[in-house]
Amino acid sequence: MWNTKRYDIIVVGAGPAGSTFARIAASKGLSVLLLERKTRIGVPVRCGEGVIDSGLRLFYEPCPEWIATTIDKFCFIAPNGSSIAVKLQEKGYILNRNVFDSDLAKFAEKEGATVVTNANVNSLLFENDKVAGVKGICNNEPFEITSKLVIGADGVESRIGRFAGINTKINLNNIDSGYQKTISGIDVDRNVCSFYISNELAPGGYIWIFPKGNDSANIGIGISGKAHINGKSAKTRLDEFLDLKYPKHKVESISVGGIPLSKPIKQMVTDSVMLIGDAARTVNPLSGGGIILGMKSAVKAADVAVKILISDKEPTKINLIDYQKQWMNSEGKQINRIYRIKTAVDKLTDKDLNNIIERVNKLPVEKRSLARIFRACIPQKPSLLFDVAKVFVGY
Amino acid sequence: MIEVDKGDCDFCGACAAVCPVDCIELYEKDIKIDSKKCTECKLCIYICPIEAMSYVEHETV
């Protein structure tokens, strides 16, 4: 039985980060238990589902069933309705996250990980004041399972970190309230992602239209937590937008969630615990894209964890800290830079945004690149912009 | 106290992410607020994308 064994590693959360971690650790011969709260992995989807081809290929050969549509163009729409289209230098995809997430968990299982759904972890197990596993409930039965290491891959609402004494609090400035509808029966270009950038429509965020085929799309909104205090909720804002733009749409599904848009978390590890993915805020704070970054954090964390456990060392904070150091020297550093850009972009008024789109529209079409758009946004800091351009969606 | 409309709630966890005192516990299709720990700061109401949370005055017994 899965709940009577002792494991090397328990991974809490079977999203892309958790399943990727579990797959790598299991492939190195470690015993791994992957626990998922939901009944079906990947359902419901809580994501815009955009990724860049090269980002995905770092981890997996794209499988046709994962891909709803291929993206070759971005379109930015200013508050006054004027727009610019930008051809992408590499293709992107809108995924079917339900299929994608489910397959990633199967890959972990194939490498030997035990995958259990319907398993709600509600606390950590301590032995002599040390983390020694997890406690929870699965199909109304309580469980207690011991392991050498616990991985918190439990999303934006992560509790594993908090249970272990890591401060994962996120303030309202650093989280967007996200609401998305997958709708059908609309006229949408299947190869173009559109972004409505406007403080009036989506203060502290944007409205996205990510096509999912010929007549359907994920249309969603992110607004800053602060924006809701004296204003309309994400749901109200999106519903108003949809009624105006697509009065005849049919709703296929609704997706809700908090989108962490913060600096890297200060502490990613403690004794016997590591945080990865949204739980560790491995998200691009400007775009909200976190699929690829989450999997990158999983790979870095898994490499460190595997080395320690295979050489029979204790997974103490001091031994695990290499993961955090590596992160802060690479993607973490980049997230810090993007966070500074986000802070600057947040200050732009709708008039500024109109001016930017107008300025970019004056550029000859062949010279319009994402980098140039961002350069137009923040003329004084052009060096930061190439990173942002590369990472706007799904990286 | 803070109340959740469980008919509207999608159990996404945005509220749990901003809760400063970790008093919100999520299940796949349930949510519990520990009213003893809750400080009624209302951050959860502000972040909820679908207005499923609200503040109601303490009932006097």
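Values in this document were obtained by computation on a predicted structure and should not be read as measured data.

1. Regarding the overall build of chain A
Here is step 1: Within chain A, the secondary structure is distributed over eleven helices and 16 strands.
Here is step 2: In summary, chain A has a C-alpha radius of gyration of 21 Å against a globular reference of 21 Å for 395 residues, a match within 12%.
Here is step 3: Within chain A, the proportion of its 395 residues that are buried is 60%.
Here is step 4: Counting only carbon and sulfur atoms, one obtains 49% of the accessible surface of chain A, whose full area is about 16,300 Å².

2. So, the interface of chain B and chain A
Here is step 1: Of the residues lining the interface, 24 residues belong to chain B; the matching set on chain A comes to 31 residues.
Here is step 2: The junction of chain B with chain A conceals about 2,300 Å² of combined surface from both sides, 54% of it contributed by carbon and sulfur atoms.
Here is step 3: The largest share of the area that chain B buries against chain A comes from Glu28, Tyr46 and Pro49 of chain B, three residues that together contribute 25% of it.
Here is step 4: The tally of links from chain B across to chain A stands at four salt bridges.
Here is step 5: Our count for the chain B to chain A interface comes out at eleven residue pairs in polar contact (both at pLDDT 80 or more).
Here is step 6: Breaking the side of chain B that touches chain A down by element, the ones donating at least two residues are helix H1 (14-18), strand S2 (24-27) and helix H2 (43-47) of chain B.
Here is step 7: Residue classes in the side of chain B that touches chain A are distributed as 18 nonpolar, one polar and five charged.

3. Quick notes on the sheet that holds strand S5 (residues 83-95) of chain A
All names here are of chain A.
Here is step 1: Strand order in the open sheet formed by eight strands is S3-S5-S4-S11-S12-S13-S10-S14, and the pairing between neighbours is mixed. Strands with a single pairing partner mark the edges of an open sheet, and in this sheet they are strand S3 (50-52) and strand S14 (250-260). Going across the sheet, the axis of each strand differs from the next one's by a mean of 30°, ignoring polarity.
Here is step 2: With nine bridges connecting them, strand S4 (residues 67-77) and S5 associate as antiparallel partners. Opposite phenylalanine 74, over in S5, you have valine 86 as the bridge partner.
Here is step 3: Sheet strands touched by helix H9 (residues 350-361): S4 and S5. Its angle to S5, the strand with the most contacts, is close to 95°.

4. Some points on the side chain of serine 147 of chain A
Residue and element names in this part refer to chain A.
Here is step 1: Within the secondary structure, serine 147 is located in strand S9 (residues 141-152).
Here is step 2: Here leucine 149 takes part through its backbone oxygen, which lies 3.0 Å from a polar atom of the side chain of serine 147.
Here is step 3: Residues in contact with serine 147, not counting those within four places in the same chain, are Arg6, Tyr7, Asp8, Ile9, Ile10, Ala132 and Gly133.

5. Here we look at the packing of helix H6 (residues 291-310) of chain A against helix H7 (residues 317-329) of chain A
Residue and element names in this part refer to chain A.
Here is step 1: Here H6 crosses H7 at 150°, and the two axes come no closer than 9 Å. Taken together, the axes of H6 and H7 lie roughly antiparallel to each other. Viewed along their axes, H6 and H7 form a crossing whose handedness is right-handed. Where H6 abuts H7, its residues Leu293, Lys296, Ser297, Lys300, Ala301, Val304 and Ile308 lie against Asn319, Leu320, Asp322, Tyr323, Gln326 and Trp327.

6. Considering the pairing of S4 of chain A
All names here are of chain A.
Here is step 1: Hairpin connection between S4 and S5: a loop of five residues separates the two successive antiparallel strands, and glycine 81 in this loop has a positive phi of roughly 95°.
Here is step 2: Relative to strand S11 (residues 192-196), S4 is paired through five bridges, and the arrangement is parallel. Residue pairing for S11: cysteine 75 is matched across the bridge by serine 194.

7. Remarks on the pattern of salt bridges
Here is step 1: If you walk through the whole model with that rule in mind, you get 19 salt bridges over all chains.
Here is step 2: Here aspartate 22 of chain B makes a salt bridge to arginine 159 of chain A, at a shortest N to O gap of 3.6 Å. Here arginine 159 of chain A lies in the loop between S9 and helix H4 (160-163) and aspartate 22 of chain B lies in the loop between H1 and S2, a pairing that spans two chains. Arginine 159 of chain A carries the same exposure label as aspartate 22 of chain B, and that label is buried.
Here is step 3: Taking the shortest distance from any N to any O, the salt bridge between lysine 235 of chain A and aspartate 239 of chain A comes out at 3.3 Å. Of this pair, lysine 235 of chain A and aspartate 239 of chain A are both found in helix H5 (residues 234-245), four residues apart, which corresponds to roughly one turn of the helix.
Here is step 4: Accessibility expressed as a relative area gives 30% for lysine 235 of chain A, which makes it partly exposed.
Here is step 5: Of the residues examined, aspartate 239 of chain A reaches a relative accessible area of 17% and is grouped as buried.
Here is step 6: Beyond isolated ion pairs, a larger network of salt bridges with shared partners links Arg159 and Arg162 of chain A together with Asp22 and Glu25 of chain B.

8. Re unusual backbone geometry
Here is step 1: The omega torsion of the bond from valine 43 of chain A to proline 44 of chain A falls at -5°, within 30 degrees of zero and hence cis.
Here is step 2: Positive phi is not limited to glycine here, since aspartate 129 of chain A has a value of about 65°.
Here is step 3: Here aspartate 129 of chain A shows up in the loop between strand S7 (119-127) and strand S8 (130-138).
Here is step 4: Positive phi is not limited to glycine here, since lysine 42 of chain B has a value of about 75°.

9. Observations regarding the side chain of histidine 228 of chain A
Here is step 1: As for its position among the elements, histidine 228 of chain A is in the loop between strand S13 (217-224) and H5.
Here is step 2: Apart from the residues within four sequence positions on either side, histidine 228 of chain A is in contact with Ile223 and Ser233 of chain A together with Ile45, Tyr46, Ile47, Cys48 and Glu51 of chain B.

10. Brief notes about the environment of glycine 29 of chain A
Residues and elements named next belong to chain A.
Here is step 1: Secondary-structure assignment places glycine 29 in the loop between helix H1 (16-27) and strand S2 (32-35).
Here is step 2: The class of glycine 29 is exposed, set by a relative accessible area of 63%.
Here is step 3: Each C-alpha atom, one on glycine 29 and one on valine 306, is 9.1 Å from the other, the two residues being 277 residues apart in sequence.

How each quantity is defined
Residues numbered from 1 in each chain as written. Chains lettered and ligands numbered in written order. Predicted model: local features only at pLDDT ≥ 70, side-chain atom pairs only at ≥ 80, totals over all residues. Heavy atoms only, no water. Helix = DSSP H or I, 4+ residues; strand = E, 2+ residues; numbered from the N terminus. Rg over C-alpha atoms; globule rule 2.2 N^0.38 Å. Buried < 20%, exposed > 50% of the residue type's maximum accessible area, 1.4 Å probe, protein only. Areas by Shrake-Rupley, 256 points an atom, 1.4 Å probe, with all protein chains shown as cover. Contact = heavy atoms within 4.5 Å. Buried area = accessible area lost by both parts, 1.4 Å probe. Salt bridge = Lys/Arg side-chain N within 4 Å of Asp/Glu carboxyl O. Polar contact = N/O pair within 3.5 Å; in protein donor to acceptor, adjacent residues only side chain to side chain. Nonpolar A, V, L, I, M, F, W, Y, C, P; charged D, E, K, R; others polar. Pairing = 2+ DSSP bridges. Axes fitted to C-alpha atoms, helices over the stretch in contact; angles between N-to-C directions. Parallel < 35°, antiparallel > 145°, perpendicular 65-115°, else oblique. Left-handed = near helix turned anticlockwise from the far one by under 90°.

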